[in-house]
2 protein chains.
Amino acid sequence: MTSLLKTEASPYKEIDSETDKSTDVVWHLASVSHQDRVAANGHQGAVLWFTGLSGSGKSTVANAVDKMLHDVGAKTYVLDGDNVRHGLNGDLGFSDSDRIENIRRIGEVAKLFVDAGLLVSTAFISPFAADRSLVRELLGDKPFIEVFVDTPLEVCEQRDPKGLYKKARAGEIKHFTGIDSAYDVPASPEIHVQTANQDVQQCAQQVVDYLRANGLMS
Amino acid sequence: MTSLLKTEASPYKEIDSETDKSTDVVWHLASVSHQDRVAANGHQGAVLWFTGLSGSGKSTVANAVDKMLHDVGAKTYVLDGDNVRHGLNGDLGFSDSDRIENIRRIGEVAKLFVDAGLLVSTAFISPFAADRSLVRELLGDKPFIEVFVDTPLEVCEQRDPKGLYKKARAGEIKHFTGIDSAYDVPASPEIHVQTANQDVQQCAQQVVDYLRANGLMS
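Residues numbered from 1 in each chain as written. Chains lettered and ligands numbered in written order. Predicted model: local features only at pLDDT ≥ 70, side-chain atom pairs only at ≥ 80, totals over all residues. Heavy atoms only, no water.

Chain A is annotated in an unreviewed UniProt entry as Adenylyl-sulfate kinase of Shewanella colwelliana. Chain A has a UniProt comment under Catalytic activity (unreviewed entry) that states "adenosine 5'-phosphosulfate + ATP = 3'-phosphoadenylyl sulfate + ADP + H(+)". (UniProt positions renumbered as here; feature names shortened; annotations may be inferred.)

Structure, rendered in structure tokens:
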């Protein structure tokens, strides 16, 4: 809010710019800083960026983490296909440029939530390392925590909760991640969740433990 | 999160759909509902949509409201040019279609913040009634509170905190609201703030009083 203070410092009262003192009683213009929000919430703001194949359990683990954090009083939110695809990104299709723009906007919105002091989880396949790097960069000094939800393709395809793999194998869906489109395995994710070895609660606990171990919450 | 529960109800365990009971011990998939967030915050989520001429004091009043709400423990955020124009909407220019898209995206992001249980203030000129109506509609059953920051053009032009009116009068800026582009005065805003009669704190108090009177916070 620095520029606000700079450019609209005193629309209501005259300030003597020479002495930086008001010629009248000035109502001090105030805004809530990121640090104020963090202090009130009792934890840092951060993005938990879940990435993995369709059916890997991204949304499930993200929501379990969200619940676990909410239950200890943290301020949280989840961005996923349900609340983003038909709203903010409802104008985007599946071309390469739209795919990049989809991830960029999610990153920018996540950044706003982090600025607001929330622990925000995003659950999108986000198959390309370049797109994930773009989000990490735009977050700047705000914590970007990449959570690789690592579930073997065979397991995802067996689960196939939405019947999408079946359609992709039948050629009804083109460019389906893991079938005829690549998934760039994260090279060095902050958190590597292997769903084959643990149940959902254990996966979620692993994420929460990371936040605690890294001083993002107590 | 209904569709999440519907489509990814059990990626980890087999559920007997006939009896809706697990064939094994099921870890109950949980997600945090909007009502859970509202209950934890102790107030409703809502958009305070500040509209008014450049220099009317939108950002100033919005930030004062935000501070007042934050100081009583509410969970809040402000969306304004500082955090939206160069981020999420950095790809947009000033054409008619970009202008509409700018407001639409801000509306969609505000909706996500409301869903997260926050009292989110937006501070954009948003001169056209049609654009503001679009946002009101996309908010659906979520509270959309239009706050008309009513400051006479002469006063705004006299303040001219960013020197924009001067440039507009000199023809250096085209399509400037109030000079050579229309401002649709809100026909029936929820809150009508008249900055000529009150100082910033009184304006902010008027908004907070509205929230209390309408059961959005205690």
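The rest of the description comes next.
A.B. asks: With reference to specific residues and values, describe the nonpolar core.
C.D. replies: Judged by nonpolar contacts, the single largest core of 42 residues is most densely connected at Leu79(A), Phe113(A), Leu79(B) and Phe113(B). Of all the secondary-structure elements, those providing two or more residues to this core are strand S3 (46–51), strand S4 (76–80), helix H5 (96–115) and helix H6 (129–138) of chain A together with strand S3 (46–51), strand S4 (76–80), helix H5 (96–115) and helix H6 (129–138) of chain B. In this structure, Leu79(A) is in contact with Val84(A), Ile106(A), Val109(A), Ala110(A), Phe113(A), Val120(A), Ser121(A), Thr122(A), Ala123(A), Phe124(A) and Leu112(B), ignoring residues within four places of it in sequence. (Core = buried A, V, L, I, M, F, W, Y, C linked by side-chain atoms within 4.5 Å. Buried < 20%, exposed > 50% of the residue type's maximum accessible area, 1.4 Å probe, protein only. Helix = DSSP H or I, 4+ residues; strand = E, 2+ residues; numbered from the N terminus. Contact = heavy atoms within 4.5 Å.)

A.B. asks: Before we move on, could you go through the relation of the copies chain B and chain A and cite the residues and values that matter?
C.D. replies: Placing chain B over chain A gives an RMSD of 0.0 Å and needs a rotation angle of 180 degrees, together with 0.0 Å of translation along the axis. In the structure described here, the two chain copies are related by an operation that fits a two-fold rotation axis. Ranked by how close their C-alpha atoms come to the rotation axis, the residues of chain B are headed by Val109(B), at 3.5 Å. Looking at chain B, 98% of its interface residues are interface residues in chain A too, so the copies touch through the same face. (Least-squares fit on C-alpha atoms with pLDDT ≥ 70 in both.)

A.B. asks: Residue-level account of the side chain of Asp160(A), with values.
C.D. replies: When you line up the elements, Asp160(A) lands in the loop between helix H7 (153–159) and helix H8 (164–169). Ignoring sequence-local partners within four residues, the contact set of Asp160(A) consists of Tyr165(A) and Lys166(A).

A.B. asks: Residue-level account of the interface of chain B and chain A, with values.
C.D. replies: It is common to report an interface's size as the accessible area lost on association of the parts. Tallying the contact residues gives 55 residues for chain B and 54 residues for chain A. Carbon and sulfur atoms supply 61% of the area that chain B and chain A bury against each other, a total of about 5,100 Å² over both sides. The interface formed by chain B and chain A contains 6 salt bridges. A salt bridge links Asp91(A) to Arg104(B), with the shortest nitrogen-to-oxygen separation between them at 3.2 Å. Remark: the boundary between chain B and chain A carries 14 residue pairs in polar contact (both at pLDDT 80 or more). (Buried area = accessible area lost by both parts, 1.4 Å probe. Salt bridge = Lys/Arg side-chain N within 4 Å of Asp/Glu carboxyl O. Polar contact = N/O pair within 3.5 Å; in protein donor to acceptor, adjacent residues only side chain to side chain.)

A.B. asks: Let's hear about the packing of aromatic side chains: which residues, and what values?
C.D. replies: Here the distance between the centres and the angle between the planes together describe a pair of aromatic rings. Summed over all chains, the structure comprises 9 aromatic pairs over all chains. With centroids separated by 5.0 Å and ring planes inclined at 80 degrees, the aromatic side chains of Tyr165(A) and Phe176(A) adopt a geometry described as edge-to-face. Of this pair, Tyr165(A) sits in helix H8 while Phe176(A) sits in the loop between H8 and strand S7 (191–194), and the two are 11 residues apart along the sequence. For the pair Tyr165(A) and Phe176(A), a shared accessibility class is recorded, and that class is buried. These aromatic residues form a ring-pair network of at least three members: Tyr77(A), Phe113(A), Tyr77(B) and Phe113(B). (Phe/Tyr/Trp six-rings, centres within 6.5 Å; stacked < 30°, edge-to-face > 60°.)

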